[in-house]
Amino acid sequence: MVLTFDPFREFDRLADRMLGVPAVAGGAAAVAMPMDLYRSGDHFVLHCDLAGIDPGSVSVDVDNRVLTIRAERSARTDADVQWLRRERVTGTFERRLTLGDGLDLANVDATWQDGVLTVTIPVAEAAKPRRIEINTGRAPALTEAEKPATIDGDTASQKSLTS
């Protein structure tokens, strides 16, 4: 299970609206690092679009059930460029996801292909659903060691046990 609750998201959205920043869910980090997250079988899969970012500047860390993805897009430094429009955000970006219980955090895997970071988080064996077999038929007979003991000479208790 993955939790994406961020108590400051509404505050950030309100501040962005007051400052004239385009309304995009998640703020500037979401613009720079849009992601998809889904479950496929026994794995959670996260895809982050990181076009124009050097894969060597990307780091993926898991610490105390928090998955952190950090990436950096450098600004163009061409001196003879006159910008007409500049919408691609530059700098360092970070996304954090709080991971729920029942995930195998020791086996998180990350791959990079065509500007897309894919992080795969397996579900722990203990958290996977399992089928419980139902035994049918009579209860097994008691062995001599499991049968209730009787006290010698107490005929009343012998009668109540055997009747």
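For clarity, every value in this text was computed on a predicted model and none was experimentally measured. (Residues numbered from 1 in each chain as written. Predicted model: local features only at pLDDT ≥ 70, side-chain atom pairs only at ≥ 80, totals over all residues. Heavy atoms only, no water.)

### Quick notes on the environment of Asp109
Item 1. With respect to the element layout, Asp109 can be found in strand S7 (residues 109-113).
Item 2. Residues in contact with Asp109, not counting those within four places in the same chain, are Thr118, Val119 and Thr120. (Helix = DSSP H or I, 4+ residues; strand = E, 2+ residues; numbered from the N terminus. Contact = heavy atoms within 4.5 Å.)

### Looking at unusual backbone geometry
Item 1. If you check the backbone angles, Asn64 has positive phi at about 55° while not being a glycine.
Item 2. In this fold, Asn64 is placed in the loop between strand S4 (59-63) and strand S5 (66-73).
Item 3. Of note in the backbone geometry, Arg65 takes a positive phi value of approximately 65° without being a glycine.
Item 4. Note on placement: Arg65 falls in the loop between S4 and S5.

### Considerations on the pattern of salt bridges
Item 1. For the coordinates displayed, the defined rule picks out three salt bridges.
Item 2. When the shortest N-O distance is used, the salt bridge between Arg96 and Glu94 registers 2.7 Å.
Item 3. Taking the relative accessible area as the measure of exposure, Glu94 reaches 30% and is therefore partly exposed.
Item 4. Through salt bridges with shared partners, a single ionic network connects Arg70, Glu94 and Arg96. (Salt bridge = Lys/Arg side-chain N within 4 Å of Asp/Glu carboxyl O. Buried < 20%, exposed > 50% of the residue type's maximum accessible area, 1.4 Å probe, protein only.)

### A look at the sheet that holds strand S2 (residues 35-40)
Item 1. Taken together, the four strands give an open sheet; going across it, the order is S2-S3-S8-S7, and neighbouring strands pair in antiparallel fashion. Two strands in the sheet have a free side with no partner beyond their single neighbour: S2 and S7. When strand polarity is set aside, the average angle formed by the axes of neighbouring strands in this sheet is 20°.
Item 2. Two elements, S7 and strand S8 (residues 116-122), share five bridges in a ladder whose sense is antiparallel. Within S8, the residue paired with Gln113 across the bridge is Val116. (Pairing = 2+ DSSP bridges. Axes fitted to C-alpha atoms, helices over the stretch in contact; angles between N-to-C directions.)

### Points about the environment of Asp36
Item 1. Tracing the backbone shows Asp36 in strand S2.
Item 2. Linking Asp36 and Cys48, residues 12 residues apart in sequence, is a C-alpha distance of 6.7 Å.
Item 3. Setting aside residues up to four positions removed in sequence, Asp36 forms contacts with Val45, Leu46 and His47.

### Some words on the nonpolar core
Item 1. Ranked by size, the top nonpolar core spans 19 residues in total, and within it Leu50 and Ile69 carry the most contacts.
Item 2. For this core, the secondary-structure elements that each account for two or more residues are strand S3 (43-49), S5, strand S6 (91-99) and S8.
Item 3. Not counting the four nearest positions on each side in its chain, Leu50 is found in contact with Ala32, Met33, Val58, Ala71, Trp112, Gly115 and Leu117. (Core = buried A, V, L, I, M, F, W, Y, C linked by side-chain atoms within 4.5 Å.)

### Remarks on the pairing of S8
Item 1. With six of seven residues buried, S8 lies mostly within the body of the structure.
Item 2. Hairpin remark: S7 followed by S8, antiparallel, with two residues in the connecting loop; positive phi at Asp114, about 55°.

### Regarding the pairing of S3
Item 1. Across six bridges, the pairing between S2 and S3 is antiparallel. From the neighbouring strand, Leu37 faces S3, where its bridge partner is Leu46.
Item 2. Two successive antiparallel strands, S2 and S3, enclose a turn made up of two residues, where Gly41 displays a positive phi of approximately 65°.
Item 3. Taken together, the seven bridges between S3 and S8 define a ladder with antiparallel strand orientation.

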